[in-house]
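Understanding the architecture of this molecule
Each chain is listed here by its residues.
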Amino acid sequence: MEITISGMLYTSLGLLLVSFPYLFYIYKSRQKEKNNAVSFQEFTLTEGLHLDKIQSWRNHYTLGLDSQQNILVYCKHGQFPVQTSVRLDAVDHVSLDSHYREVRAGNERRQKLEYLDLVLHFKDPSKPSKSIPIYDEDEVQDLADEYAIAKKWLTYLKHHLSKDQSGRSRLQWAG
């Protein structure tokens, strides 16, 4: 079998054509991630915040905490962006809110998560609770690390809200 230059060129061109959609998707995904990071940074700068804890997931959500000013920041990027900040000194406690629906798979019945929110309950009873979406089935079909992310922030915020008298948190942030 002889390898010719024209054969190599056709093979290379074929590989390029086949891989082009994947390369384009990777490029667009990185551009979107970069734009989301810039909009999140602009939002925190306009609010005068210096976040010491930040977590992003799915190139769609970002949650951050400015421990010094005691402010939680949430951004949802995408078609209907949301940017919000909450003063944690007005928050009494935090909880998780999840809703499941029953799904049939053959003869089996299973529970499928529809949404998962962090809920901030305020000290002022007249002020309604604030829900921070972590997962929404209408936006993303499959569940990845969202439950672990929600539990991590729930645990951290609970400990942050129940600081000891010296003002130091009893929980250290891990990874």
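Going by the structure above, here's the rest.
Let us look at the structure shown here. Worth saying up front: this structure is predicted, and the values here are computed from it rather than measured. (Residues numbered from 1 in each chain as written. Predicted model: local features only at pLDDT ≥ 70, side-chain atom pairs only at ≥ 80, totals over all residues. Heavy atoms only, no water.)

Section: the side chain of Asp117
What counts is decided by this rule: A run of H or I in DSSP becomes a helix once it reaches four residues, and a run of E becomes a strand once it reaches two; helices and strands are each numbered from the N terminus. Summary of the burial criterion: residues with accessible area below 20% of their type's maximum are buried, those above 50% are exposed, and those between are partly exposed, where the area comes from a 1.4 Å probe applied to protein chains only. We score Asp and Glu as negative and Lys and Arg as positive, and we do not count His or the chain ends. Here, a salt bridge means any Lys or Arg side-chain nitrogen found within 4 Å of an Asp or Glu carboxyl oxygen. Residues are treated as being in contact if the distance between any of their heavy atoms lies within 4.5 Å.
Inspection of the secondary structure puts Asp117 in strand E6 (residues 108-122). Here Asp117 occupies a buried position and makes no salt bridge, while the nearest side chain of opposite charge, Lys76, is found at 9.6 Å. Dropping the residues within four chain positions of it, Asp117 is found in contact with Ser95, Leu96, Asp97, Ser131, Ile132, Pro133, Ile134 and Tyr135.

So, the sheet that holds strand E2 (residues 61-66)
Let me state the cut-off plainly: Only strands joined by at least two bridges in the DSSP assignment are considered to pair. Working convention: axes come from line fits to C-alpha atoms, limited for helices to the stretch in contact. Angles between N-to-C directions cover 0 to 180 degrees.
Pairing is antiparallel across the open sheet formed by 4 strands, whose spatial order is E1-E2-E3-E4. Here the strands that pair on one side only, and so sit at the sheet edges, are strand E1 (53-57) and strand E4 (82-87). When the angles between neighbouring strand axes are averaged without regard to direction, this sheet yields 10 degrees. The pairing of E1 with E2 spans 5 bridges and is classified as antiparallel. For Trp57, the partnering residue across the bridge sits in E2 and is Tyr61. The sheet strands contacting helix H2 (residues 146-161) are E1, E2 and strand E3 (71-76), and the helix crosses E1 at an angle near 160 degrees.

Structural notes on a nonpolar patch on the surface
To be explicit about the condition: Each patch is built from residues that are more than 30% exposed by relative accessible area and take part in no salt bridge. Like charges join if they lie within 9 Å; nonpolar side chains (Val, Leu, Ile, Met, Phe, Trp, Tyr) join within 5 Å. Accessible surface area values rest on a Shrake-Rupley calculation with a 1.4 Å probe, where residue burial reflects the displayed protein chains alone.
A contiguous nonpolar surface patch, about 310 Å² in accessible area, is contributed by Leu13, Leu16 and Leu17. Inspection of the secondary structure assignment puts Leu13 in helix H1 (residues 5-46).

Considerations on the sheet that holds E6
If you trace the 3 strands from one edge of the open sheet to the other, you get E5-E6-E7, paired in antiparallel fashion. Looking at the sheet topology across the chains shown, the edges are occupied by strand E5 (91-105) and strand E7 (130-136). Neighbour-to-neighbour, the strand axes of the sheet open up by a mean angle of 25 degrees, direction not taken into account. Alignment of E6 against E7, held across 6 bridges, turns out to be antiparallel. Note that in E7 the partner of Tyr115 across the bridge is Asp136. The sheet contacts of H2 involve E5, E6 and E7, and relative to E5 the element is tilted by about 160 degrees.

Observations concerning H2
Defined as follows: For a helix, the expected span equals 1.5 Å multiplied by the residue count minus one.
For H2, with 16 residues, the first-to-last C-alpha span of 22 Å sits near the 22 Å given by 1.5 Å per residue. Within H2, the full set of buried residues consists of Glu146, Ile149, Ala150, Trp153, Leu154, Tyr156, Leu157 and His160. On its buried side, H2 packs onto E1, E2, E3, E5, E6 and E7.

Here we look at the nonpolar core
We apply this condition: Within this scheme, the nonpolar core is defined by two criteria: the residues are buried Ala, Val, Leu, Ile, Met, Phe, Trp, Tyr or Cys, and they are joined through side-chain atoms within 4.5 Å.
Leu63, Leu72, Leu118, Ile134 and Trp153 are the most contacted members of the largest nonpolar core, which totals 25 residues. Those elements that provide at least two residues to this core are E2, E3, E5, E6, E7 and H2. No other element matches H2, which puts 6 residues into this core. Aside from chain neighbours lying at most four places away, what touches Leu63 is Lys53, Ile54, Gln55, Trp57, Leu72, Val73, Tyr74, Leu118, Ile132, Ile134 and Trp153. Formed by 6 residues, the second largest nonpolar core is a distinct cluster that contains Leu49, Ile71, Val73 and Cys75.

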